[in-house]
Each structure stands twice: as structure tokens, then as C-alpha cells.
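Residues per chain, in single letters:
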Amino acid sequence: MRQALEQEIGKVIELFLRMASKTKEMLEEATEGLVRGDPQRAQAAIAKDREVDALEAAIENEVIAAIARHQPVAGDLRFFVTVLKAVTDLERAADYAAHVAEDAAVLAQEPPLKRYVLLPQMARRLGEMLDLVAKSVAEKDAGAAMKVLELDDDVDDLYEQLTRELITYMLEDPRTIGKALTLLRVARSYERFGDHLENIAERVVYWVTGQTPHR
Amino acid sequence: MRAAWESAEEGILLHSEGRVRYLNPAAARMLGVDRRAVIGAPLLFALRDERLERLAGSGGRGRFERGGRVIEVRALPGRLHLHDRTALERAERALAEGRAVLFHELRTPVAGLVALFEALGGDLTPEEAAEVRGLIQAELARLARLVEGRRPERAANPWPIEALRPRLERLLPGAAGLVWQAPHRLRLEADAVFQILLNLVENALKYGRPPVRVVSQEAGGGRLRLEVQDGGPPLPDYPALFRPGRRGVHAAGVRGSGLGLAIVRRIARGFGGEAYGRRVGEANAFGVYIPPEGWE
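Residues numbered from 1 in each chain as written. Chains lettered and ligands numbered in written order. Predicted model: local features only at pLDDT ≥ 70, side-chain atom pairs only at ≥ 80, totals over all residues.

Let us now look at the overall build of chain A. Counting its regular elements, chain A contains 6 helices and 0 strands. Reading the secondary structure of chain A in the N-to-C direction produces α-α-α-α-α-α. Taking all 215 residues of chain A together, the buried fraction comes to 48%. (Helix = DSSP H or I, 4+ residues; strand = E, 2+ residues; numbered from the N terminus. Buried ≥ 20, exposed ≤ 12 C-beta atoms within 10 Å, placed from the backbone.)

Written out as C-alpha cells, the structure reads:
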């Protein structure tokens, strides 16, 4: 009985890792589309959004079936509930990667306002956060989840820095307002992406320790 | 064989039927996984990336980033070889930055030297021709020292900051209109200070607005402030502009590498000082703090 439940948990974790991996691919392709001004890369990211949605549905089905079959309690139940909620956040994060890709495709039509420095930095931090989210779920590692929370502070700082910079551009030269607003939306999408990973990390900490992380 | 793998720097991961059979400590470190948790588990538990999983199935080479490190992968049937390329990539990036710095520091003086040589061919009085030859000689000597990459030394005798004015005006078109309010004398290597002013004045002329001033004034702690002020509008983040590759909001459409201020900071630290940017009244000011022993 226990072995069957372990197998179910393993299968759910594998699907979750697949979904996290696909979301990371979307993030990287959207960012490359932005930085290189390559609309095809951006389109590739958008196309993956459906695969992420399908994985979300598959995980939900697996979790509901596992709960029905095994009626888990305590830590096992917390795991299934954590994953059930985490996939919603992960799917929303992937949506924000798709939003970045959509804006990247628009921005690619014209010369860039500036060389993008802070946006790729935000994306790199988010990639690291995704790796840690995957590790925290696969290895039941609350420490990795806590690092996600720290990295999200970096993402928020970069977001504020970029916002200040773009506002100055707009005040200086009203002709930049259109592009600057699109870049602000990109930065906002990255920031929201990070917030959803932070939500997942907080739930993982609760699953592993039974405590809500204090920040 | 496995005993050797246990202490190898190269990462080794063995797999079959889609499951991890073995991975050495180096592979676990590079992949950022706990190897006890992944041996026997599906391959994705260790690789955490579907692209790597596909590579393991198809064979070939790839690279990925994990935890800020760059990892190169070679996939053979049933096994993955992992190499941490972070240090190599960092060294290559440092080399590229070094090339960019040298290019940045040579571009303006070389353009100035061309103008000086052209001036020699024109109608100059013997005194003017001697002055131009002196400037060419001094600039070539400075560039030779720059290429050698020597650290700045202290000057044997103090010299007035304004002594750099003729060199700057000859090398930089537009520098003739500068306002000088720098009455102090320095004990630093003149070439190092010249390199600082060349970068700061060039930036002010390119990205700022007139009037451009070269100012020296006493700061707290016995330090001297040597700065270039311009009448440009406020900037959002002064410290960030000192990072290599960062350019100001007024730099759009103007040629530049974003290295000038990073170079200024490096030189300032070389003589125990520090570089800074600040807003002073209606002006932007970029400059360096000179330690007490470097001025009088």
C-alpha cells in the first residue's frame, strides 16, 4: 500500500519537474526573443504555454486520483495539497512568460530603446528560482525553498531599479513613452512571475516543516 | 573505475531505462541535486530539464546554466559527461572586457594624435610646433605606459591640476570651452589623473549639457574632491553607472561602450581613492576622492 502511494508521489513529482522545466524553457526563449529582438524565439515561447496548461491538468488529475485511491494523511496529504496549489501558481508564472514573449515580439519590430541589462538579470534570477523550486519539491528541501524567497527580493529590487530608469526616460523624452511602457509591462511580468514562485516556495516550506515561513 | 569517478572533477551520470543508475559527487554538485535522492529515480529527477533529458536520449553536446554555473554536457549511450565551464567562460569574458577597455582608452587619444599630427603639417610658429611635438611625445609615452598596464605611482613633486588643461584641450574637441575651478596641486601620477579627466570630460561633453566645469574642492576626512560637473538633468541611479557596460539614460543613440566610469573607478581605487557620481544643485557631477596624501 505504502509502496503504491510512493509511486504515485514519484509520478506527481516527475510531472511537476516536467512542468517547471517547460516553464523555464518559456522564460529563456521569451528573454532571448526580447534581448535579440527575435520574434521567432518569442513565438516558440508562446507555443509552449499550451503544453504547460496540459501538464497542469494532468497533475491535477493525478493528484485527485491519488487522494481518492490512497486517502493520504499528515505529510502525504500536505504534499498533494501543496502540489495542487503549486501547479496553479506555476501555470500563472508560465502565462507571464508568455506575456513577456508577446511584448518581445512587438518590441522586435523597432530598434530597442536601450541595451537591455536589468531585464536579463531579472530573468536569470527567475531561472535560478525555478531550479530551486524544482529542487525543493523533488528533494523535500525547505532550505532550497527559503532561498527562493531571498532571490525574489533581488527580483523586486531589480524591478524597482528598472522602473525608476524607465520613468526617467519618459520624462526626458516623450517619444520614448510607448516603448518604455511596454518595457515596464515586461518588467512587471517578470516581477509577477517571481511572486508566483515565491508562493510555491512558501507552500513547500509549510509542507516540509508544517510552519509558514516568517519573513 | 567508480572509485576514480568518486574523486573526479568531471561529472559522470550513468542511466538506463530512463532511470539514474549512478552519478558521482561532481555531477551531483553541477546539477545541484542530492545524489541519494536521485539514484534509482527517473532521469528527470537528476537533470531537472527536459532538454537535457532529450539530449541524454539522443546523444550529442549541449550546455546549460544551473545555480549561476555554466555546465557543458556530452551525452553518450547510457552516460552523461559534465564539465563546469564557469571559470573558462569567466576568463574569456575578462579577456573580452580587457580588449574593450584598451579599445576605449585608445580611441580618443589616437583621434587626438591624428589631429596633432595634422596640425604639425599646417602653418605653425616654431613655438607652437614645439608645443605640439611635446604633447605628441607626452601622449605617446602615456599610451605606452597604459598598454604596459602599470599601476600609477606617486609624483615626486606636486603639480597643479590645471597643468593638464593644454593636453585635454588639444586631445578633445570641445574641451576648450571648459571652466576650470581647480586650484589644488596633486602628488599623484599625472598620467593617471589625465586618464580620469579625459574620461569624465569626454562623458560630460557627449552626454551632459553645458556649462562643463572641472572642479576641485576639499571634502571631509582630509580628502580632495576632483570632479567634472555638467548642466544635464538628474539621472536615476548614479552608482549603477560605474558598473561596466552601464550607460546613462542620455546615452541613447550616442556611440559609447559604458566603460569610461568603470575605468575611472579602477584608476581611483589604484591610488587609494574612490569614484562617485552625484547631483550638485542643477548639475551632475562625476569625480574621484583623492586621499590626504595625494594632494596639497
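Having put the structure on the table, let's press on.
Turning next to the overall build of chain B. Check the secondary structure of chain B and you find 10 helices and 12 strands. Taking contacts inside chain B between residues at least 6 apart in sequence as the whole, the part at least 24 apart equals 56%. (Contact = placed C-beta atoms within 7 Å.)

Residues and elements named next belong to chain A. Two elements in contact, helix 2 (residues 39-70) and helix 3 (residues 74-107), have axes whose closest approach is 9 Å; the angle formed by their N-to-C orientations is 170°. In terms of orientation, helix 2 lies roughly antiparallel with respect to helix 3. When the residues that make up the contact of helix 2 with helix 3 are grouped by side-chain class, the tally is 19 nonpolar, 1 polar and 7 charged. (Axes fitted to C-alpha atoms, helices over the stretch in contact; angles between N-to-C directions. Parallel < 35°, antiparallel > 145°, perpendicular 65-115°, else oblique. Nonpolar A, V, L, I, M, F, W, Y, C, P; charged D, E, K, R; others polar.)

Between chain A and chain B, the contact holds 23 residues from the first and 23 residues from the second. Residue assignment for the side of chain A that touches chain B shows that the elements contributing at least two residues are helix 1 (2-35), helix 4 (118-138) and helix 5 (142-172) of chain A.

Residues and elements named next belong to chain B. Ordered by their spatial adjacency, 5 strands build an open sheet running 2-1-5-4-3, and the pairing between neighbours is antiparallel. The outermost strands of the open sheet, each flanked by one partner alone, are strand 2 (19-23) and strand 3 (60-66). Neighbour-to-neighbour, the strand axes of this sheet turn through a mean angle of 25°, independent of strand direction. With 7 bridges joining them, strand 3 and strand 4 (residues 69-76) adopt antiparallel strand pairing. Within the sheet, the bridge partner assigned to Gly60 lies in strand 4 and is Ala75. (Pairing = 2+ DSSP bridges.)

On to the environment of Pro210 of chain B. Residue and element names in this part refer to chain B. Within the secondary structure, Pro210 sits in the loop between helix 9 (190-207) and strand 9 (213-218). Judged by C-beta crowding, with 14 C-beta atoms within 10 Å, Pro210 ranks as partly exposed. With 31 residues separating them in the primary sequence, Pro210 and Val179 have C-alpha atoms 9.9 Å apart.

Residues and elements named next belong to chain B. A sheet is described by the order of its strands in space; here 5 strands give the open sequence 7-9-10-12-11, paired in mixed fashion. A strand with exactly one partner marks an edge of an open sheet, and here the two such strands are strand 7 (179-181) and strand 11 (274-280). With strand direction ignored, the average angle separating the axes of adjacent strands in the sheet is 20°. As paired elements, strand 11 and strand 12 (residues 283-290) share 7 bridges and run antiparallel to each other. Paired with Glu274 across the two strands is Tyr289, which belongs to strand 12. Each of strand 11 and strand 12 is contacted by helix 10 (residues 260-270), which is oriented at about 125° to strand 11, the strand it contacts most.

A separate point is the pairing of strand 12 of chain B. Residues and elements named next belong to chain B. Along strand 12, 7 of the 8 residues are buried, which leaves the element largely enclosed by surrounding structure. When strand 10 (residues 224-230) meets strand 12, the two strands line up antiparallel, connected through 7 bridges. Along strand 12, the bridge assignment pairs Leu226 with Val288. The turn linking strand 11 back onto strand 12 is made up of 2 residues, and Gly281 within it adopts a positive phi angle of 55°.

A word on unusual backbone geometry. Residues and elements named next belong to chain B. In this chain, Pro210 is followed by Pro211 through a cis amide linkage whose omega measures 0°. Examined against the element boundaries, Pro211 turns out to sit in the loop between helix 9 and strand 9. Residue Arg48 is not a glycine yet carries a positive backbone phi of 55°. Relative to the helices and strands, Arg48 is located in the loop between helix 4 (43-47) and helix 5 (50-58).

On to the confidence of the model for chain B. When pLDDT is averaged along chain B, the result is 85; 92% of the residues meet or exceed 70. Among the scores for the predicted complex, ipTM is 0.86 and pTM is 0.69. (pLDDT = per-residue confidence, 0-100.)

Attention now goes to the nonpolar core. In terms of nonpolar packing, the biggest core is built from 94 residues, with Ala97 and Val133 of chain A touching the most fellow members. When residues in this core are grouped by element, the largest group, 16 residues, is from helix 3 of chain A. Discounting residues that sit within four places of it in the chain, Ala97 of chain A has contacts with Thr23, Met26, Leu27, Ala30, Ala45 and Phe193 of chain A. The next biggest cluster of nonpolar side chains, apart from the first, holds 40 residues, and it includes Leu186, Leu224, Val228 and Leu261 of chain B. (Core = buried A, V, L, I, M, F, W, Y, C linked by C-beta atoms within 7 Å.)

This next bit is on helix 4 of chain A. The end-to-end C-alpha separation of helix 4 of chain A is 30 Å, in line with the 30 Å expected for 21 residues at 1.5 Å each. Of all the 21 residues making up helix 4 of chain A, 18 are buried; the element is thus mostly covered by neighbouring parts of the structure. (Expected span 1.5 Å × (residues − 1).)

Residues and elements named next belong to chain A. Close contact between helix 4 and helix 5 brings their axes to 9 Å; oriented N to C, the two are set at 165°. Here helix 4 is positioned roughly antiparallel relative to helix 5, judged by the angle of their axes. As helix 4 runs across helix 5, the sense of the crossing is left-handed. Contact residues: Leu118, Leu119, Gln121, Met122, Arg125, Leu126, Glu128, Met129, Leu132, Val133, Lys135 and Ser136 in helix 4; Ala144, Ala145, Lys147, Val148, Leu151, Asp152, Asp154, Val155, Leu158, Tyr159, Gln161 and Leu162 in helix 5. Its residues assigned to classes, the contact of helix 4 with helix 5 comprises 15 nonpolar, 3 polar and 6 charged. (Left-handed = near helix turned anticlockwise from the far one by under 90°.)

Moving on, we come to the environment of Ala8 of chain B. All names here are of chain B. By the element assignment, Ala8 lies in the loop between helix 1 (2-6) and strand 1 (11-16). Residue class for Ala8 comes out partly exposed when judged on the 14 C-beta atoms lying within 10 Å of it. Note: C-alpha distance between Ala8 and Pro25 (17 residues apart in sequence) is 8.2 Å.

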